[in-house]
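Analysis of the macromolecular model
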Amino acid sequence: MSILICGSLAFDSIMTFEGRCAEQILPEQLHILNVSFLVPAMRREFGGCAGNIAYGLKQLGSPAVALAAIGSDGHGYMERLRALGVDTSCVRMVNDAFTAQAMIMTDRDNNQITAFHPGAMSHAHETPVPVDAGIKLGIVAPDGRDAMISHADQMAAAGIPFVFDPGQGLPMFNGEELQRFIEQATWVAVNDYEAKMLSERTGWSLQEVASRVQGMVVTLAEHGCDVYAGNSVVRVAGEVATELLDPTGCGDAFRAALLHGLLQGWSLEKCAALGNRMGAVKIASRGGQNYEWGG
């Protein structure tokens with residue numbers, strides 16, 4: 001029984017700015033914003049939410065099926081996924097587009113500025129959810145707008161329980177659309193910033209959102225996460241990372257742990273505790289998919 005991961009496959013160009021972004025921006029001049037950041041360190045990594053979550057699941061020993069789209073430059077990424085043991089039968093190759101590209105700059109306080117080119121990701125909706133392939137549960141992670149809508153509809157119609165993880169894709173949707181996602185989903189996973197935006201756009205408090213699903217997790221970086229289940233909210237303490245090297249992909253590492261635990265039938269609190277540990281392991285490593293899970 002596999003976990004279906006609906007989300008993006010992308011190449012990440014990860015850059016380090018040795019200063020603070022806030023010190024380069026003049027608030028009174030935002031109407032004519034024109035800034036440049038010197039980034040002496042840069043590397044290119046395999047990334048995207050579907051790729052990162054699939055990697056984390058394979059580190060934990062769970063079966064993963066990626067449902068995504070990749071461009072003409074993505075053959076190496078496909079080979080990597082297959083070498084990891086990820087099922088790529090639902091990955092669409094789009095020959096007249098580039099694989100999605102994320103340009104991510106992180107400053108000394110772990111603040112990030114990202115530019116994203118969707119490329120082939122815009123075709124992800126053309127691949128349907130494989131409803132007869134032994135899928136036990138799934139996740140709708142950030143992807144093309146049409147893909148997120150159609151894949152949520154299809155999993156709900158097929159009775160496949162899934163996590164709604166809007167992430168950086170949340171601003172693409174209005175309140176009614178987000179309400180529909182929540183009503184279709186079994187669980188919701190957001191960070192604290194996304195939680196505030198989700199509440200504002202839907203007009204629902206976080207308790208009201210949680211009342212419409214089996215559970216909700218709001219991650220709080222180093223402070224752990226809040227787990228909403230039933231009428232209760234429990235703070236699950238964070239894990240201390242051995243080093244603070246790179247926050248890129250920490251949220252996806254958390255989602256992989258969440259899905260792994262749900263597949264095992266764990267409580268949401270136990271899933272979240274593993275997620276906090278996975279996030280700490282990820283932030284102490286470099287690269288979106290270069291961390292190793294120690295068990």
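The structure contained in this document is the topic of the report that follows. For clarity, every value in this text was computed on a predicted model and none was experimentally measured.

A closer look at the overall build of the protein chain
Secondary structure summary: the protein chain contains eight helices and 13 strands in total. Expressed as lengths along the three principal axes of its C-alpha atoms, the size of the protein chain is roughly 50 × 45 × 40 Å. In the protein chain, once contacts between residues fewer than 6 apart in sequence are set aside, the share between residues at least 24 apart is 69%. When the accessible surface of the protein chain is split by element, carbon and sulfur atoms take 50% of a total near 13100 Å². When the 20 positive and 32 negative side-chain charges of the protein chain are each reduced to one mean point, those points stand 4 Å apart.

Some points on helix α4 (residues 175-184)
Listed in full, the buried residues belonging to α4 are Gly-175, Leu-178, Phe-181, Ile-182 and Gln-184. The inward-facing, buried residues of α4 contact α3 (145-158), β9 (162-164), β10 (187-191), α5 (192-202) and α6 (206-211). Measuring from the side-chain oxygen of the N-cap residue of α4 to the backbone nitrogen of Glu-176 gives 3.1 Å; that N-cap residue is Asn-174.

Structural notes on the packing of α3 against α4
Helix-helix packing is characterised by the crossing angle of the two axes and by the distance between the axes. Contact geometry of α3 with α4 gives a least axis separation of 10 Å together with a crossing angle of 35 degrees. Taken as a pair, α3 and α4 cross one another with a handedness that is left-handed. Of the residues in α4, those touching α3 at Arg-145, Met-148, Ile-149, Ala-152, Asp-153 and Ala-156 are Glu-177, Arg-180, Phe-181 and Gln-184. Its residues assigned to classes, the contact of α3 with α4 shows five nonpolar, one polar and four charged.

Remarks on the sheet that holds strand β6 (residues 100-106)
With respect to topology, four strands assemble into an open sheet ordered β3-β2-β6-β7, the strand pairing being mixed. The open sheet has two edge strands with one neighbour each: β3 (41-47) and β7 (112-117). Put simply, the sheet's adjacent strands are angled 20 degrees from each other on average, direction ignored. Taken strand by strand, helix α2 (residues 75-84) contacts β2 (10-16) and β3, and its axis lies near 60 degrees from that of β3.

Re the pattern of salt bridges
One pass over the structure, following the stated rule, counts eight salt bridges. Note that Arg-43 and Glu-45 form a salt bridge whose closest N and O atoms lie 3.0 Å from each other. Close ionic contact of Glu-177 with Arg-145 constitutes a salt bridge, the shortest N to O distance being 2.4 Å. One end of the pair, Glu-177, is in helix α4; the other, Arg-145, is in helix α3, with 32 residues separating them in the sequence. Taking relative accessible area as the criterion, Arg-145 reaches 30% and is therefore assigned partly exposed.

Considerations on unusual backbone geometry
For Asn-110, which is not glycine, the phi dihedral falls at a positive 65 degrees. Among the secondary structure elements, Asn-110 is positioned in the loop between β6 and β7. When its relative accessible area of 29% is taken as the criterion, Asn-110 is described as partly exposed. With a phi close to 55 degrees, Ala-221 is a non-glycine residue in the positive phi region. In this structure, Ala-221 sits in the loop between β11 (215-219) and β12 (225-229). The class of Ala-221 is exposed, set by a relative accessible area of 62%.

Here's the deal with the sheet that holds β9
The strand order across the open sheet built from nine strands is β5-β4-β1-β8-β9-β10-β11-β12-β13, with neighbouring strands paired in mixed fashion. Both outer strands of the open sheet, β5 (87-94) and β13 (232-236), are each paired with one neighbouring strand and no more. Within this sheet the neighbouring strands show an average axis-to-axis angle of 20 degrees, counted without direction. As defined by bridge partners, β12 adjoins β13 across five bridges and the pair is classed as antiparallel. In the sheet register, Asp-226 faces β13, and the bridge partner there is Arg-235.

Definitions and limits used
Along every chain, residues carry numbers that run from 1 in the direction the sequence is written. Note on the predicted model: pLDDT of at least 70 is required for a residue's local features to be given, and 80 or more for side-chain atom pairs to be given and counted; whole-chain, interface and lining totals, by contrast, use all residues. Heavy atoms from the whole structure form the basis of all side-chain values; hydrogens and water molecules are not counted. Under the DSSP-based scheme used, a helix requires at least four consecutive residues in state H or I and a strand at least two consecutive residues in state E, with every element numbered from the N terminus. Residue contacts are counted whenever heavy atoms from the two residues lie within 4.5 Å of one another. Surface exposure here means Shrake-Rupley accessible area, sampled with a 1.4 Å probe, where a residue is shielded only by the protein chains that are shown. Think of it this way: Lys and Arg go in the positive column, Asp and Glu in the negative one, and His and the chain ends go nowhere. A single reference atom marks each charge: NZ on Lys, CZ on Arg, CG on Asp, CD on Glu. Burial here depends on accessible area, computed with a 1.4 Å probe over protein chains only, as a share of the maximum for the residue type. Under 20% is buried, over 50% is exposed, and the range in between is partly exposed. Here a polar contact is taken to be a pair of N or O atoms separated by no more than 3.5 Å, where protein atoms must pair a possible hydrogen donor with a possible acceptor and residues adjacent in sequence count only if both atoms sit in side chains. Inter-axis angles, ranging from 0 to 180 degrees, are taken between N-to-C directions of lines fitted to C-alpha atoms, where helices are fitted over the stretch in contact. Here a crossing is called left-handed whenever its near helix is offset anticlockwise from the far helix by less than a right angle, and right-handed whenever the offset is clockwise. Under the grouping applied here, Gly and all other residues not named as nonpolar or charged are polar, the nonpolar ones being Ala, Val, Leu, Ile, Met, Phe, Trp, Tyr, Cys and Pro and the charged ones Asp, Glu, Lys and Arg. Only strands joined by at least two bridges in the DSSP assignment are considered to pair. Whenever a carboxyl oxygen of Asp or Glu lies within 4 Å of a side-chain nitrogen of Lys or Arg, that contact is scored as a salt bridge.

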